[in-house]
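Here is what each chain is made of, one letter per residue.
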Amino acid sequence: MKLYDTPMAPNPRRVRIFLAEKGATIPTVDVNLMKGEHRNPEYRALVPNGRVPALVLDDGTVLCESIAICRYLESLYPEPNLMGVDALEIAQIDMWTRRMEFELMMPVASAFRHVHPAAAVLENQFKDFGLSMKKVGEKSYAYLDKILADQPYIAGDRYTIADISAICTVQFGAAVSDIHVTEALPHLKRWADEVGARPAVKSSLKSAA
Ligand SMILES: N[C@@H](CCC(=O)N[C@@H](CS)C(=O)NCC(=O)O)C(=O)O
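Residues numbered from 1 in each chain as written. Predicted model: local features only at pLDDT ≥ 70, side-chain atom pairs only at ≥ 80, totals over all residues.

**What to know about the overall build of the protein**
Where we set the bar: Helix numbering and strand numbering both begin at the N terminus, where a helix is a DSSP run of H or I of at least 4 residues and a strand a DSSP run of E of at least 2.
Along its length, the protein carries eight helices and four strands. Projected onto the principal axes, the alpha-carbon positions of the protein cover approximately 45 × 45 × 25 Å.

**Thoughts on the domain arrangement of the protein**
Let me state the cut-off plainly: The domain limits used here are those given by an automatic or database domain assignment. Placing C-beta atoms from the backbone, we regard two residues as in contact once those atoms come within 7 Å. Residues were grouped as follows: Ala, Val, Leu, Ile, Met, Phe, Trp, Tyr, Cys and Pro as nonpolar; Asp, Glu, Lys and Arg as charged; and all remaining residues, including Gly, as polar.
Segmenting the protein into domains produces domain 1 (2-76) and domain 2 (87-203). Averaged C-alpha coordinates put domain 1 and domain 2 at centres separated by 20 Å. Taken residue by residue, the interface counts twelve residues in domain 1 and 14 residues in domain 2. Mapped onto the side of domain 1 that touches domain 2, the elements with two or more residues apiece are α1 (10-21) and α3 (66-76). Counting residues per element, the side of domain 1 that touches domain 2 draws most heavily on α1, which supplies seven residues. Looking at the side of domain 1 that touches domain 2, its residues break down into eight nonpolar, one polar and three charged.

**Overview of the site of the ligand**
Here is the rule: Using a C-beta atom placed from the backbone, a residue is described as near a molecule or strand when that atom lies within 6 Å of it.
As a matter of local geometry, the ligand sits amid A9, P10, N11, L33, H38, G50, R51, V52, P53, E65, S66 and L122. Across the shell around the ligand, the residue classes break down as six nonpolar, four polar and two charged.

**Overview of unusual backbone geometry**
In this structure, P53 follows V52 across a cis peptide bond, with omega equal to 5 degrees. Structurally, P53 is set in the loop between α2 (41-46) and β3 (54-56). Even without a glycine there, the phi angle at E65 is positive, about 75 degrees. Looking at the secondary structure, you find E65 in the loop between β4 (62-64) and α3. Unlike most non-glycine residues, D178 shows phi in positive territory, near 55 degrees. With respect to the helices and strands, D178 occurs in the loop between α6 (161-177) and α7 (186-196).

Pasting the structure below:
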């Protein structure tokens with residue numbers, strides 16, 4: 001297996017954290033988005049939508065979409081379980097993961113892609129849209145703060161892929177989208193400090209070449 005990865009981006013980082021939590025390592029190939037390597041014909045031939053991450057299996061099968069990749073890896077490396085053990089828990093973790101993707105990752109990523117000067121190589125930028133997405137992201141942070149007042153982790157009482165999705169987003173938001181977990185969000189801050197201190201989360205930070 002080979003993982004096509006990129007250092008700073010939140011989606012591939014989800015897969016790196018997932019693997020690290022399981023104590024698994026697989027070879028990775030870094031794709032430099034800022035240099036447009038994901039648009040090279042060789043990469044497009046492998047991954048037609050030109051996104052990262054992508055997992056190439058030994059028989060040449062290509063899996064895209066972070067959660068689909070994690071689902072595959074969860075089957076290969078079942079422990080520790082990060083995606084649910086029974087019908088209800090699987091559904092609940094999926095529900096929260098999808099919320100994290102649509103309500104958190106999407107606005108926070110859009111705030112970067114449409115506002116940050118460095119993202120101009122990736123996006124036809126509409127700054128007003130990006131700033132409106134920043135506000136949507138901030139509202140989602142406030143919503144999560146309320147959720148985390150009543151439960152320790154995003155999907156309930158244990159750490160899961162939903163937390164991995166959220167911590168990648170929150171740390172990305174602080175780094176490049178100017179969205180911050182302030183003292184006014186004490187429950188989100190407690191969660192971000194705790195999850196951010198996990199060895200798998202810390203070790204997954206890679207700097208760009
Ligand atoms: N839904 C996909 C999203 C993948 C994605 O958009 N990845 C970004 C990096 S985080 C990317 O490849 N961007 C390339 C581009 O913007 O052209 C997933 O969950 O993996």
